[in-house]
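# Structural features, examined
Next come the chains, spelled out residue by residue.
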Amino acid sequence: MTKTENKSKLFGIIGTPVEHSLSPKMHAFMAKSLDIDMSYELFDVKPEKLHTTMENFKKTSACGFNITAPHKIEIIKELDEVLDDALCMNSVNTIVNRNGKWTGYNTDGDGFCISLLFENCEIKDKNILIIGAGGAARGVCYKLAEYGAKSISITARTKEKIHIIGEMVKKYSDAEFYPEIDKTKKYDIIINTTPLGMHPNEDKNPCDFMDIINESTVCCDLIYNPCKTVFLKESEKKNAKIINGLGMLVMQGILAFEKFHNVQLDRKKYYEELNCLLADYKI
Ligand code: NAP
């Protein structure tokens, strides 16, 4: 296919595995409601094939892709331009082709923060504890700091990764940063960013300090399948407010859709509608 031959609007998600991705359903729903003609497909791409895949897409008129694990860092090399915040996070989850120029964005961090606000969980001036220091944690911490968190503390097994996030938070925000948990401190929000609680570790709770959780804590998990992880179930028993990762998934999708189609959506309306569409994953 050459650039001039293909008039259809091709979008999709690139990652591996991708067969269970909910993104096709979400994007099809939004496109249908706005009468946008497009196709959204799954592209299961192994790491060693990412470069060739992108070279091939660049020869077509493919319009944009969501990028998921394990390619969020490596995709950066394939792009003509990357937005500053995505570069700081070192993570791109959305790429858009505008007249042959491929631009990378990260909508995960904003997606998470906006979903918290939509769930009536304030971020500004809050003390936040993050469990895990991987790619998702980087994006989430960057944006939580930007949205005005008072402090961000991280507990994770790889200290070097905590340090990298700390440097980023201190460089780009006024938020206080603590590279460890203080079990005497009152955390307003605790967020699990590890895969513990998800298949094949459904029975694992990443939080071995449940004592610090009470009815005034908001406990979040980036996982949405299962919809209630052990961490969220145990937090609920302590009367904490619980939020799973579905809202983040939905919101990053809405923000990506806006970039793909150059539209401004009624975000709250689509947030609610997509949460209903994906009711199986809703708490
Ligand atoms: P990642 O880069 O691999 O980071 C995973 C983090 O969890 C790392 O800090 C890792 O520690 C830690 N970890 C993994 N296994 C552990 C274990 N057994 N014990 C203690 N810590 C462990 O992954 P990611 O991309 O950040 O994704 C993290 C989670 O967020 C996944 O569950 C993913 O599905 C979810 N996610 C959800 C959304 C959404 O839209 N809801 C979006 C993105 C990600 P080490 O670095 O030491 O290995």
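None of the values given here were measured: they were computed from a predicted structure.

## What to know about the domain arrangement of the chain
By domain assignment, the chain separates into domain 1 (10–106 + 247–279) and domain 2 (110–244). Between domain 1 and domain 2, the residue contacts involve 16 residues of the former and 17 residues of the latter. Broken down residue by residue, the surface that domain 1 buries against domain 2 is led by Cys88, Met89 and Met248, which jointly contribute 40%. Where domain 1 packs against domain 2, one counts 1 salt bridge. In this structure, Lys143 engages Asp85 in a salt bridge whose closest nitrogen and oxygen atoms are separated by 2.9 Å. The interface formed by domain 1 and domain 2 contains 4 residue pairs in polar contact (both at pLDDT 80 or more). Among the elements of the structure, α3 (84–89), α8 (246–261) and α9 (267–277) are those that each provide at least two residues to the side of domain 1 that touches domain 2. Of the residues in the side of domain 1 that touches domain 2, the class split is 9 nonpolar, 4 polar and 3 charged.

## Quick word on the site of the ligand
The environment of the ligand is formed by 20 residues, the closest being Ala133, Ala136, Arg157, Thr158 and Lys161. For the ligand, an oxygen atom lies 2.7 Å from a polar atom in the backbone of Ala136. The contact in question runs from an oxygen atom of the ligand to an N or O atom on the side chain of Lys161, over 2.6 Å. The protein chains hide 71% of the 930 Å² of surface that the ligand would expose on its own. Elements represented by at least two residues in the shell around the ligand include exactly α5 (135–146) and α8. Considering only residue class, the shell around the ligand consists of 10 nonpolar, 7 polar and 3 charged. Structurally, the shell around the ligand is a two-domain feature, drawing no fewer than three residues from each of domain 1 (10–106 + 247–279) and domain 2 (110–244).

## What to know about the pattern of salt bridges
For the structure on display, the rule yields 15 salt bridges. A salt bridge links Lys101 to Glu81, with the nearest nitrogen and oxygen atoms 3.8 Å apart. Here the residue Lys101 occupies a position in strand β6 (residues 101–105), and Glu81 occupies one in strand β4 (residues 81–82), the gap between them amounting to 20 residues. With relative accessibility at 41%, the residue Lys101 sits in the partly exposed group. For Glu234, the salt bridge identified is with Lys237, shortest N-O distance 3.0 Å. One end of the pair, Glu234, and the other, Lys237, are both in helix α7 (residues 230–237), 3 residues apart, so they sit about a helical turn from each other. In the salt-bridge network here, residues are joined through shared partners; they are Asp85, Asp110, Lys143 and Glu146.

## Concerning the nonpolar core
Within the largest apolar cluster, 33 residues are counted, with the highest numbers of intra-cluster contacts made by Ile130, Leu144, Ile152, Ile154 and Ile191. Looking at this core, the elements with two or more residues in it are α3, α4 (108–118), β7 (127–131), α5, β8 (151–155), α6 (159–172), β10 (189–192) and β11 (218–221). The biggest single contributor to this core is α5, with 6 residues. A domain split of this core shows at least three residues from each of domain 1 (10–106 + 247–279) and domain 2 (110–244).

## Here's the deal with the sheet that holds β11
One open sheet accounts for 6 strands, arranged β9-β8-β7-β10-β11-β12; its pairing is parallel. In the strand order of this sheet, the two ends are held by β9 (176–178) and β12 (241–243), each with one partner. Neighbour-to-neighbour, the strand axes of this sheet turn through a mean angle of 15°, independent of strand direction. Of the pairings in the sheet, the one linking β8 to β9 comprises 3 bridges and is parallel in character. Bridge pairing in β9 places Ser153 opposite Tyr178. Contacts between α5 and the sheet are confined to β7, β8 and β10, with β7 contributing the most and set at about 175° to the helix. Contacting β8 and β9, α6 runs over the sheet at an angle of about 170° to β9.

## Comments concerning α9
If you check which residues of α9 are buried, you get Tyr270, Tyr271, Leu274 and Asn275. Buried residues of α9, seen end-on, are gathered within an arc of 135° and therefore sit on one face of the element.

## With respect to the packing of aromatic side chains
One pass over the full model with this rule turns up 8 aromatic pairs. Through successive ring pairs, a cluster of aromatic residues spans Phe43, Phe57, Phe65 and Trp102. Above the face of the Phe118 ring, Lys268 is positioned so that its terminal group lies 5.4 Å from the ring centre. The cationic tip of Lys269 hangs over the ring face of Tyr270; the distance from NZ or CZ to the ring centre is 4.3 Å.

Cut-offs used in this document
- Residues numbered from 1 in each chain as written.
- Predicted model: local features only at pLDDT ≥ 70, side-chain atom pairs only at ≥ 80, totals over all residues.
- Heavy atoms only, no water.
- Domains from an automatic or database assignment.
- Contact = heavy atoms within 4.5 Å.
- Buried area = accessible area lost by both parts, 1.4 Å probe.
- Salt bridge = Lys/Arg side-chain N within 4 Å of Asp/Glu carboxyl O.
- Polar contact = N/O pair within 3.5 Å; in protein donor to acceptor, adjacent residues only side chain to side chain.
- Helix = DSSP H or I, 4+ residues; strand = E, 2+ residues; numbered from the N terminus.
- Nonpolar A, V, L, I, M, F, W, Y, C, P; charged D, E, K, R; others polar.
- Near = heavy atom within 4 Å.
- Areas by Shrake-Rupley, 256 points an atom, 1.4 Å probe, with all protein chains shown as cover.
- Buried < 20%, exposed > 50% of the residue type's maximum accessible area, 1.4 Å probe, protein only.
- Core = buried A, V, L, I, M, F, W, Y, C linked by side-chain atoms within 4.5 Å.
- Pairing = 2+ DSSP bridges.
- Axes fitted to C-alpha atoms, helices over the stretch in contact; angles between N-to-C directions.
- Arc of directions from axis to C-beta.
- Phe/Tyr/Trp six-rings, centres within 6.5 Å; stacked < 30°, edge-to-face > 60°.
- Lys NZ or Arg CZ within 6 Å of the ring centre and 35° of its normal.

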